[in-house]
Each structure stands twice: as structure tokens, then as C-alpha cells.
Amino acid sequence: MLQHLFAVGPASRADLARSSGLTRATVSDLVGSLLDDGLVEELGAPVESRVGKPPMLIGLAADATHIVAIDVSGDDQVAGAVLNLTGDVIHRTTRCREGRTGSEAVRLVTDLVTELIAGSARPILGIGIGSPGVVSADGTVIDAPNLGWTDVPLAEHVRRETGRPTYVANDANTAVLGEYTFGQSGDGGLMLVRVGTGVGAGLVLEGALLHGFVDAAGEVGHVTVDPGGALCACGRSGCLETFLAVPRLRERIETGHDDALVEAGEHLGKALAPVVGTLNLHELVLSGPADLLDGPLRETADRIIRERTMPVSGERLEFRTSTLGEDVVIVGAAVLVLAGELGVS
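Everything numeric here is computed off the predicted structure, so don't read it as measured data.

With that settled, the discussion passes to helix H6 (residues 171-182). Its 12 residues give H6 an end-to-end C-alpha distance of 16 Å, which sits within 8% of 16 Å, the value for a rise of 1.5 Å per residue. Of all 12 residues making up H6, nine are buried, and the element is well covered by its neighbours. If you check which residues of H6 are buried, you get Asp171, Ala172, Asn173, Thr174, Ala175, Val176, Leu177, Gly178 and Glu179. Of the residues flanking the start of H6, the one acting as N-cap is asparagine 170, its side-chain oxygen 2.8 Å from the backbone nitrogen of alanine 172.

The following block contains the structure:
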């Protein structure tokens, strides 16, 4: 029933019975429990009620409880926010990472979470964190080279420190969940490329997040695009990330590489064209600083993808920047909590 109210909006008890296949008596009991818990509220009768006793609409109580969401993928900063159950940001803050890695970076995340919990006027449903790198299903950061994290049980650590349910996922996977749930995503395959300190991608195919064999689906940032290129944090040379990651891209622009955005777009287009052709994606979304992505970089990548894929794949592809802007990972982290605690997404 929570899934229905989240996805469709307010409904009567009779509507909920029809959509769930449960009896009206069972639905009435469940609604009563949800009302007691404060997760739903009675909204009154619809304006267009028919003759007879009007139905009482039930809706999700957006501010009954709050969610703390953290984005660790930014360029040397950690962003945090408190959100309600419908993904609206109530309060936000950022902390400069100042190059901190390893246990110091973990402490920075934990301190920010604790601060946000203390500042919320509502009970906290849970904590969601989007982290760079490969992240296992239990919230362990298996490998995040830019943060110096290897096999870091981040979810367990934050859960132990705060006493709140905690969910951690790769930042690109988190972002694509945010875009798919709260953005303007359609029904086809969706791929979101997250550009920050590193570069990664999240994919939603036929309504399901693609995890991959060892939870490493979407690691496009470490696809080699120029074997003679610069050394990458992963230890290899010429990865896509060495051209597209925000610190590298800004450095190249500041040191006089006038074609840095076009070159990054070329490498991105060449790396993504086989993915678009193989999966027949409907939407390709870029997420990161708009001043870098929304212009020559995206336009160049878009052109190359269409040149290198069959018309049936490329012509109807929608290639855009995220409608959620810089909040996409924050909002996606809230979706992790909604799915884990309430079963909605």
C-alpha cells in the first residue's frame, strides 16, 4: 500500500483494496496501523465525489519522518541533507574534504551524519550514502581509490555510531535511482553517468537496477580510452576518468588545453557507444557540474554516439543532463532508505 501511495498518490481505502488484491477489512486494519505510526494521513474527500458517502483519501505523510542523505562523490567535498518522504530537501550542508582519505574521510562522513540527525525536528527513518567506487550489497566500500577506501564497512560503521538503519551504494547507482524515481525518466532503459572526483555509471533496465556479477556494473571511468594517457588512481594509464573527472578536467582547462571539453566528450562518446548499442538505451543522463558537462562536452559525446550506433539505437536516444542537478545523489540516497525501510522506490 505504501508503494501504491508513493507511486500513484492519494487513494481511498477501496482503491487500495483493488490495487493490492486485499480485502477491504484487511486494508482498513493496515491503514489504521499506518495512521497510528504516522506514515499516512487522512486528506478528506475528493472534490469530484459521487452521490452518497464520499470516500476518504489516504496519502503518504511526507513530513512524518525524515531521511539523512550523504553524497561523498563531490570534488573534494562531502554534501549532506535532510529530506522528507517525498524527496524534498529540508536542509542541506557541505563539508570540505581537504584531501582527507581513509579513516579520516570515514570520520568526516560520520560527523556530518550526526550533525544532520541532531538538527532534524522529526524522527529519522534512516541514513543513505552515495559513495564512489565498488560497493557491496551490505554497504561495504570494496574499492574507492580516490578516497583511499578498501573493504571499508561504511554502512556498518555509521549504523553503529548513530544507531540508525544505514544504506550505502555506489554514487552512480544511487544517482540513477534518484533520477529514475524523482526525475523525469521515461519507461525505457536509463543510464546515468556521474562525473565528480571519479567517473561511474548507473543503469536501470526494465525497472531494475543493474548490479553486475561482483557489484561492479557501470565502472566506465576505468575503461582505457588512451593507453598512452596519464596515470589513473586505479594504477593504470589513460582511463576515461583521467580525461573526464572534475579535478582532471578543470586542471586541463586551467593549464591552457582549449580543447579539453571536446576531447573529454570524444572519449566519453567512444566509451558509451557500444553500451548504447548493446542495451538499446532510451535515456542517457550526465550528472555533475553543469558548466563542464552541458555544452561542448555533451554535444560532442552525443554526436559520436549517434555516429557509431545504428539509427534504430541512436535516433530515439535522449541524451541530457540530470533534471535533479547536483541533488541527484542526495535524492537517490533517500531512495535507498525508502526502499530499505518502507519498500517503496
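By the assigned domains, the chain splits into domain 1 (1-60), domain 2 (66-174 + 327-342) and domain 3 (185-321). A C-alpha centroid distance of 24 Å is found between domain 2 and domain 3. With 19 residues of domain 2 in contact, the opposing surface of domain 3 contributes 20 residues. Both sides together, the interface formed by domain 2 and domain 3 hides about 1,400 Å², and carbon and sulfur atoms give 51% of it. Interface area lost by domain 2 to domain 3 is led by Asn146, Ala172 and Asn173, which between them contribute 37%. Taken together, the connections running from domain 2 to domain 3 amount to one salt bridge. For the salt bridge of aspartate 71 with arginine 194, the shortest nitrogen-to-oxygen distance reads 3.3 Å. Joining domain 2 to domain 3, the criterion identifies four residue pairs in polar contact (both at pLDDT 80 or more). Contributing elements (two or more residues each) for the side of domain 2 that touches domain 3: strand S8 (134-135), H6 and helix H13 (328-342). Considering each element in turn, the side of domain 2 that touches domain 3 owes the most residues, three residues, to H6.

Right, let's get into the environment of glutamate 179. Here glutamate 179 shows up in helix H6. Those residues within four positions of glutamate 179 in sequence are excluded, and the remaining contacts are Gln184, Ser185, Leu190, Leu192, Val285, Arg320, Ser322, Thr323, Leu324 and Val328.

The sheet built from five strands is open, its strands ordered S14-S13-S12-S15-S16 with mixed pairing. Here the strands that pair on one side only, and so sit at the sheet edges, are strand S14 (208-209) and strand S16 (318-321). The pairing of strand S12 (residues 190-195) with strand S15 (residues 283-287) spans five bridges and is parallel. Within S15, the residue paired with leucine 190 across the bridge is glutamate 283. The strands touched by helix H11 (residues 296-307) are S15 and S16; relative to S16, the strand with the most contacts, the crossing angle is about 165°.

For the coordinates displayed, the defined rule picks out one aromatic pair. Arranged with centres 5.7 Å apart and planes meeting at 80°, the rings of phenylalanine 6 and phenylalanine 182 form a pair that is edge-to-face. Note that phenylalanine 6 is positioned in helix H1 (residues 2-8) and phenylalanine 182 in helix H6, a separation of 176 residues in sequence. Given the relative accessible area of 18%, phenylalanine 6 is considered buried. Overall, phenylalanine 182 belongs to the partly exposed group, its relative accessible area being 25%.

Looking now at helix H8 (residues 246-254). Turning to H8, its buried residues are Val246, Leu249 and Arg252. Mapping the buried residues of H8 onto a view down its axis gives an arc of 135°, with all of them on the same face. Looking one or two residues past H8, glycine 256 carries a phi angle of roughly 95°, positive in sign.

Spatially, the three strands line up as an open sheet ordered S1-S3-S2, and their pairing is antiparallel. The outermost strands of the open sheet, each flanked by one partner alone, are strand S1 (11-12) and strand S2 (40-44). Lying over the sheet, helix H3 (residues 24-37) contacts S2 and strand S3 (57-60), oriented at roughly 105° with respect to S2.

Residues Met191, Val193, Leu244, Leu268, Leu272, Leu284 and Leu297 are the most contacted members of the largest nonpolar core, which totals 29 residues. Taken together, the elements giving at least two residues each to this core come down to S12, strand S13 (199-205), H8, helix H9 (260-279), S15, helix H10 (290-293) and H11. Per element, the largest residue contribution to this core is seven residues, and it comes from H9. Not counting the four nearest positions on each side in its chain, valine 193 is found in contact with Val199, Gly200, Ala201, Leu268, Leu272, Leu284, Val285, Leu286 and Ser287.

Another point: unusual backbone geometry. A positive phi angle, near 50°, is found at glutamate 98, a position not held by glycine. The topology assignment puts glutamate 98 in the loop between strand S6 (89-96) and helix H4 (102-119).

The two faces of S3 match: Leu57 and Gly59 on one face and Ile58 and Leu60 on the other face are all buried. As defined by bridge partners, S1 adjoins S3 across two bridges and the pair is classed as antiparallel. From the neighbouring strand, serine 12 faces S3, where its bridge partner is leucine 57. Pairing between S2 and S3: four bridges, direction antiparallel. From the neighbouring strand, glutamate 41 faces S3, where its bridge partner is glycine 59.

Conventions adopted
Residues numbered from 1 in each chain as written. Predicted model: local features only at pLDDT ≥ 70, side-chain atom pairs only at ≥ 80, totals over all residues. Heavy atoms only, no water. Helix = DSSP H or I, 4+ residues; strand = E, 2+ residues; numbered from the N terminus. Expected span 1.5 Å × (residues − 1). Buried < 20%, exposed > 50% of the residue type's maximum accessible area, 1.4 Å probe, protein only. Polar contact = N/O pair within 3.5 Å; in protein donor to acceptor, adjacent residues only side chain to side chain. Domains from an automatic or database assignment. Contact = heavy atoms within 4.5 Å. Buried area = accessible area lost by both parts, 1.4 Å probe. Salt bridge = Lys/Arg side-chain N within 4 Å of Asp/Glu carboxyl O. Pairing = 2+ DSSP bridges. Axes fitted to C-alpha atoms, helices over the stretch in contact; angles between N-to-C directions. Phe/Tyr/Trp six-rings, centres within 6.5 Å; stacked < 30°, edge-to-face > 60°. Arc of directions from axis to C-beta. Core = buried A, V, L, I, M, F, W, Y, C linked by side-chain atoms within 4.5 Å.

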